[in-house]
Amino acid sequence: MDELDGDLGDEMGDDDEERRGFGAGLVSAVKELVIVIVLAMALSFVVKTWLFQAFYIPSGSMEDTLVKDDRVIVSKLTPGPFDLRRGDVVVFEDPADPVPWLSGATTNGTSDVGGPLHDLLVFVGLLPEDAENHLIKRVIGLPGDHIVSDGGTGPITINGEQVEETYLKPGDAPSEGKPFDIVVPPDHVWVMGDHRSDSSDSRYHDGPANNGSDGSVPIDKIVGRALFIIWPIDHVTWLGVPERTFQDVPAPSHKTPVPGATTPTEGALAPARSSVRSPVPAATTAALRLAASS
């Protein structure tokens, strides 16, 4: 009997030891999982803050290049280490000067979609931005560029050179009845949507002066350049720069007079190779939504 009790005690001790071993292993696995998740979120935050960020398209102002509900990856290295060029599709904060481009938007407005978990995932970069003070347009003019449109069906001209915009939505005219004759101010760019008949862009925010001073977007408001569409799967594509459209455009000249416009000084002109550099803008910490104004 004593021998039986001893065997039973040994078996119970083994069971307790196995349970303790299982519990310790489970705790260790949970710890490792938490560490992996924290590191992944930290890495995602670093990438989102300084390198790349996802945004989604809520309207049709960039059709057919981008359509509603597309998700795009934006490089924050342009402008900065990489040159900003004519033809780049860029995401920028609402200039809000002299008035907001987005009706009813504020400079720090956030979406009411989702809850705390959703906001956290947006904040660390695991979900696309969905706040209400960003826009996406195409860069048409760099600092010092003289851009003219008669508002008819004819092409716009940049520094005296006509450009053929192959990316326009079929059926749209280059300026859709909105004539302008402007010089882009220093440290600004002139932006327009590819769906010209459904895009409230630089043309519609230039104010009474109509000389480019209000409609142009400050370069320090640019978040980055849209590189490619990542979702939906059947829309995945690289958003390249239409080199041929702008390849013959000459460097801007401060000698080009524009009625009512402030002529940039020679030192404020864009480089002769039709590009401009700017320091990488400081990253925002609030969750912000990309809104292509329409």
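Quantities reported herein were computed from a predicted structural model and do not represent experimental measurements.

## Thoughts on the environment of Leu102
Within the fold, Leu102 resides in the loop between strand S4 (89-93) and helix H2 (116-124). According to the relative accessible area criterion, Leu102 is buried, its value standing at 9%. The sequence separation of Leu102 and Ser200 amounts to 98 residues, and the corresponding C-alpha distance is 9.0 Å.

## Description of unusual backbone geometry
Following Thr78, the chain continues into Pro79 via a peptide bond in cis, with omega recorded as 0°. Backbone torsion omega between Trp231 and Pro232 reads 0°, so that peptide bond is classified as cis. Along the chain, Pro232 falls in the loop between strand S12 (222-231) and strand S13 (237-238). The backbone of Asp69 sits at a positive phi, close to 80°, despite the residue not being glycine. With relative accessibility at 38%, the residue Asp69 sits in the partly exposed group. Even without being glycine, Asn210 reaches a positive phi, approximately 50°. Its place among the elements puts Asn210 in the loop between strand S10 (188-192) and strand S11 (217-218).

## A look at the sheet that holds strand S9 (residues 180-183)
Taken in spatial order, the four strands make up an open sheet running S8-S7-S6-S9, and their pairing is antiparallel. At either margin of the open sheet sits one strand with a lone partner, and together these are strand S8 (161-162) and S9. Bridge count for strand S7 (residues 157-158) against S8 is two bridges, and the pairing is antiparallel. When the bridges of S8 are listed, Ile158 appears paired with Glu161.

## Examining the environment of Val99
Note that Val99 resides in the loop between S4 and H2. Judged by relative accessible area, Val99 falls into the partly exposed class, the value being 48%. The spacing of Val99 and His205 is 106 residues in sequence and 8.2 Å in space, taken between C-alpha atoms.

## Quick notes on a nonpolar patch on the surface
Among the surface-exposed residues, Leu26, Val30, Val34 and Val38 lie close enough to one another that they form a single nonpolar patch of about 340 Å² accessible area. If you trace the backbone, Leu26 turns up in helix H1 (residues 2-50).

## Points about the side chain of Arg225
With respect to the helices, strands and loops of the structure, Arg225 is situated in strand S12. When residues no more than four places from it in sequence are discounted, the contact partners of Arg225 are Ile73, Val74, Ser75, Thr78, Arg85, Asp88, Val89, Val90, Trp238, Leu239, Gly240 and Val241.

## A short note on the nonpolar core
Counting residues in hydrophobic clusters, the biggest one holds 14 residues, and the most contacted among them are Ile140, Ile147, Ile158, Phe180, Trp190 and Phe246. Mapped onto this core, the elements with two or more residues apiece are S9 and S10. Discounting chain neighbours no more than four positions away, the residues touching Ile140 are Arg86, Asp145, Ile147, Ile156, Ile158, Glu165, Tyr167, Trp190, Val191, Met192, Arg196 and Phe246.

## Regarding the confidence of the model for the protein
Taken over all residues, the pLDDT of the protein has a mean of 77, while the share at 70 or more is 65%. Across residues 256-294, where pLDDT falls below 50, the model places 120 contacts with residues more than four positions away in sequence or in other chains.

So, how was this worked out
- Residues numbered from 1 in each chain as written.
- Predicted model: local features only at pLDDT ≥ 70, side-chain atom pairs only at ≥ 80, totals over all residues.
- Heavy atoms only, no water.
- Helix = DSSP H or I, 4+ residues; strand = E, 2+ residues; numbered from the N terminus.
- Buried < 20%, exposed > 50% of the residue type's maximum accessible area, 1.4 Å probe, protein only.
- Pairing = 2+ DSSP bridges.
- Patch = residues over 30% accessible without salt bridge, like charges linked within 9 Å, V, L, I, M, F, W, Y side chains within 5 Å.
- Areas by Shrake-Rupley, 256 points an atom, 1.4 Å probe, with all protein chains shown as cover.
- Salt bridge = Lys/Arg side-chain N within 4 Å of Asp/Glu carboxyl O.
- Contact = heavy atoms within 4.5 Å.
- Core = buried A, V, L, I, M, F, W, Y, C linked by side-chain atoms within 4.5 Å.
- pLDDT = per-residue confidence, 0-100.

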